[in-house]
Each structure stands twice: as C-alpha cells, then as structure tokens.
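Residues per chain, in single letters:
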2 protein chains.
Amino acid sequence: MHPHFSTKERILSAAEELFARHGFAGASLRQVTAAANVNLAAVNYHFGSKDNLINELFRRRLDELTARRLEMLEQAEAQPKPTLEAILEAFVLPALNLASDQLGGSAFMRVLARAYAEHDQTLRKFLSGNYGHVLKRFAQAIRPLLPELDKEALYWRLDFVSGALTYAMSDFGAVKRPPGRSEEDHRRQAAREFVRFAVAGLRAPE
Amino acid sequence: MHPHFSTKERILSAAEELFARHGFAGASLRQVTAAANVNLAAVNYHFGSKDNLINELFRRRLDELTARRLEMLEQAEAQPKPTLEAILEAFVLPALNLASDQLGGSAFMRVLARAYAEHDQTLRKFLSGNYGHVLKRFAQAIRPLLPELDKEALYWRLDFVSGALTYAMSDFGAVKRPPGRSEEDHRRQAAREFVRFAVAGLRAPE
DNA sequence: CGCCTGATCAAACGATCGTTTGAAGGATAG
DNA sequence: CTATCCTTCAAACGATCGTTTGATCAGGCG
C-alpha cells in the first residue's frame, strides 16, 4: 500500500488511528496489522508487545512535541518582558502544529486524551516519568507572572487549562469546522480562542 | 456483601468503578460480576448486554444531574439580574455534588471523561440524544450576558469550560486534597476556583 | 400441597484476544 | 555459489471475551 513507509511506521500510524477511535483495549492487534497491511506477528517482532507498541507510539510524537514546547518557552523567557500569552502559546502552538501539520497528528491528540483517562499504572508511569517535567517547567515560568495568585490556586487553574486544552484539541467538542474553512484555519482559530480564554482565566482576580 | 443493595445496583456500582479504572473495553463482565459478588449471567439477565449496561450506568446518574442543573439554572434566571456566575454555578455545583456526595460519584466522573473520548457511535448517539439539549440550554442562557461575543466564539469557550470541568472533576489533575481539609471544603474550594476561572475565561475580551 | 414466576447458578458456546513458533523469503557479504 | 542475517509469513497456542443455556432455588397464591 505505502511501500515507501517502513513496516514499523505503518504499524505506528495504523495503531494511532485505531487506538484513537476505539481505545487501547478496544482496538486489537489484528485490526491494527490489517489496517497497516502487515503480518500479525510483525507487532511482536518489531515492538515486543502491545504495551510497548503503545509506549513507542507516544515516544514518536512526544519527544518532538516537548522539545518544541521547551524551545518556544525559552524564547519567550528570553524576552525582556515575558508575557503570559507568549508562555501559553509556547505550550499550545506546538501541539496545534502537531495536530494539524503532521499526518495522523489529529489522531494522536485523541490518543493523548485517552491516555489521560487511563488509570492503569503502566502507561501513566511511562508518561509522567518521561514527560512530567514539562508541566512543572511551565508552572515555574508562569508563577512569577501571577505573583498575587497563591500556589494552590495556580495549580488549580493550570489543571483547568490542561483539561480544556486536551479536550479542545481532541475534537470532542461541539465546535465543528464550517464547510468553507480549511482544517488549518480551523485549528489556528482554536489556538487563538484558547490562548485568549486561558490567559483570562489564569488572570482572574482572586 | 451489601445485602441491602439489589443485584442491579451492585452491578452498576461495580461497573462504574471498573470502567473508570480500565475503560469500557478494558474491564470485562467477569471482573464486574466478581466485584459485585453476583453471577456472571446476571448482567445479561438484568441488562441484556454489556452495551446496555453502559447506557443504564449513565442514565442512573445523568437523569438526576441534568435535572438539578436545569433546576438551578431556572432559579438563576428567575433573579431580576441574572449573573454569569450564578449560571455557571448552576452547571458546576450539581456535578461537584454528585462527584463528592454520592457513593461512587467520583468514579462516575471518570467514566464520563472516558465517554467523551469514545468515538464509537453507539455511546455518543445515546449521550447526545438524551442529554445534548442541556448544553444548548446553558448556551442560550449565557448568550445575552455576553452580547459582544459572537456565536462561534461563545461555543468555543463553552467547549473549553466543559473540557476543563470534566478533566478537573475526574481526578486526573495535580490538585490533591490537603490532609487537614474536609472533603466538602475541598469541593467548595474547587467550585469557587473553577467558577472564577470560567467566568474570567468567558469574559475575555475578543 | 402443586403450580407458577422471577432470580440465580454452574457450565458451556463460539469468537477473538495477545503472543509464540518454525518455516520461507530476500538481500548482502565472502 | 553458499552462508548469514533480518524480515515476513501462515498457523497455532492457551487464555479470555460476551453471551446463552438449562437446571435449581425461593416465595406467593390457589
């Protein structure tokens, strides 16, 4: 089908789409390998197990996503007067670009939202162990810009922000793309609306 | 185990907890019936199928939740000058009460977050068909209070609000209840923080 | 008592799950 | 050419899935 993509990548892309649609337990390796046009045994040959396939699926996207986020964050902090908007954009824009630019990026965002709902220890441990430092890093960056907010209130609001972002980026919501607008415009609109919303929410008077 | 609870209710409660933890496909009926201390066949006898058990699980909680929300909304609208805060509280407080007061309410909120991630048509159709009118009703109530906001922007922001609420109430977040504070105080604090955040976000200048 | 009805039970149904096996293919190096 | 290594393949493994079956139990009523 796609001879220029390797077996591993075909499996990862098919898994991304099917896990997004049916969940990790709900999509079987037989569905995945059938969609990827590879043999069933290829998953265990290349990835060892289904659990490890899931881990590699996240690693493929998150390594680059967190790198871009921290990169933009440092650029924002390097400015003489860093703004809350710039910091939030450093968090939102890389995710938006992943979701709209890259093939299957939208499916990955839905998979990511599923990961938040997983209380199984294996995946949670993997994600928080490898990527948990990013959220803390952003909290540190935001804190001096909201000195009047006590620590607990800030954490509350950051929780609200990440919840809203995850939800909004996963296409779960009611806002449908109008027929006349391109996918990219739709997502840029979403990012603009989201940053406005989040900045105002974080700045709410105590 | 709980002789004063019927078989149906024991199944519903056990399913709520296990579906919250492992997902709909990830938790088996054998796990559910074992946790509920009932026979495996009891699920198909009382509910017909696993899918219908899931539907009834939502119906048990959502009927009362939406009733309380609409009730509080009408009270807020009956005031001479309805405030955005009062309307949002009508949306938030019943959910928070469910999550903290009722046994298993917290698990139900996590199940609800999972439902948002389900793109399978069966559950989505059931939920939007039975409870989709509530969000529209709240949008109608909020709209005259934010006349400067165009319709699309309002829907965006309401999406963010429900996403933030869903994730915040599902214990996915970082905010844990401090040891010295009662559950009720924690919930009231969460509601206060959330309403402040949401009001400010909704009122963000265009 | 005998009869009926609804609930619960152990057991089994076929289907599907993740994983493993051993053989076959296909390219490269000596 | 043969030998080697990586990959792919069909087939099967035991386990577990949702669902169904038919027997058994308990209680109300004539």
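The structure reproduced in this document is the subject of the present report.

About the thresholds
- Residues numbered from 1 in each chain as written.
- Chains lettered and ligands numbered in written order.
- Predicted model: local features only at pLDDT ≥ 70, side-chain atom pairs only at ≥ 80, totals over all residues.
- Heavy atoms only, no water.
- Helix = DSSP H or I, 4+ residues; strand = E, 2+ residues; numbered from the N terminus.
- Expected span 1.5 Å × (residues − 1).
- Buried < 20%, exposed > 50% of the residue type's maximum accessible area, 1.4 Å probe, protein only.
- Contact = heavy atoms within 4.5 Å.
- Buried area = accessible area lost by both parts, 1.4 Å probe.
- Salt bridge = Lys/Arg side-chain N within 4 Å of Asp/Glu carboxyl O.
- Near = heavy atom within 4 Å.
- Polar contact = N/O pair within 3.5 Å; in protein donor to acceptor, adjacent residues only side chain to side chain.
- Nonpolar A, V, L, I, M, F, W, Y, C, P; charged D, E, K, R; others polar.

## Concerning helix α1 (residues 7–22) of chain B
The periodicity of an α-helix, 3.6 residues per turn, causes residues three or four places apart in sequence to face the same way. Across its 16 residues, α1(B) extends 22 Å between first and last C-alpha, which sits within 8% of the 22 Å expected from 1.5 Å per residue. Of all the residues in α1(B), the buried ones are Arg10(B), Ile11(B), Leu12(B), Ala14(B), Ala15(B), Glu16(B), Leu18(B), Phe19(B) and Ala20(B). Its buried side turned inward, α1(B) meets α6 (105–117) of chain A together with α2 (29–36), α3 (42–47), α4 (50–78) and α6 (105–117) of chain B. Positive phi appears at Gly23(B), one or two residues downstream of α1(B), with a value of about 90°.

## Some points on the interface of chain A and chain B
Chain A puts 47 residues into the contact, and the matching count from chain B is 47 residues. Carbon and sulfur atoms make up 65% of the surface buried where chain A meets chain B, a total of about 4200 Å² over both sides. Taken as a group, Trp156(A), Phe160(A) and Phe197(A) account for 19% of the area that chain A buries against chain B, more than any other trio of residues on that side. One can count 2 salt bridges joining chain A with chain B. For the salt bridge of Arg157(A) with Glu193(B), the shortest nitrogen-to-oxygen distance reads 3.7 Å. Those elements that provide at least two residues to the side of chain A that touches chain B are α1 (7–22), α6, α8 (151–169) and α9 (183–202) of chain A. If you tally residues by element for the side of chain A that touches chain B, the top one is α8(A), at 13 residues.

## Observations regarding the pattern of salt bridges
Two side chains of opposite charge can pair, provided their charged atoms sit close to one another. Evaluated as defined, the whole model comprises 20 salt bridges over all chains. Close ionic contact of Glu56(A) with Arg59(A) constitutes a salt bridge, the shortest N to O distance being 3.4 Å. Of this pair, Glu56(A) and Arg59(A) are both found in helix α4 (residues 50–78), 3 residues apart, which corresponds to roughly one turn of the helix. Given the relative accessible area of 31%, Arg59(A) is considered partly exposed. Between Glu17(B) and Arg21(B) there is a salt bridge; the shortest N-O distance is 2.7 Å.

## Considerations on the protein's contact with DNA strand C
Around DNA strand C, 16 residues are found, and the nearest of them are Arg30(A), Lys50(A), Thr7(B), Tyr45(B) and His46(B). In the interface set of DNA strand C, defined as its atoms within 4 Å of the protein, sugar plus phosphate atoms amount to 51%. Arg30(A) places a side-chain nitrogen or oxygen 2.7 Å from a base oxygen of DNA strand C. Within the side chain of Lys50(A), a nitrogen or oxygen atom sits 2.5 Å from a phosphate oxygen of DNA strand C. Where the surface near DNA strand C is concerned, the elements lending two or more residues are α2 (29–36) of chain A together with α3 of chain B. Classifying every residue of the surface near DNA strand C by side-chain character gives 7 nonpolar, 6 polar and 3 charged.

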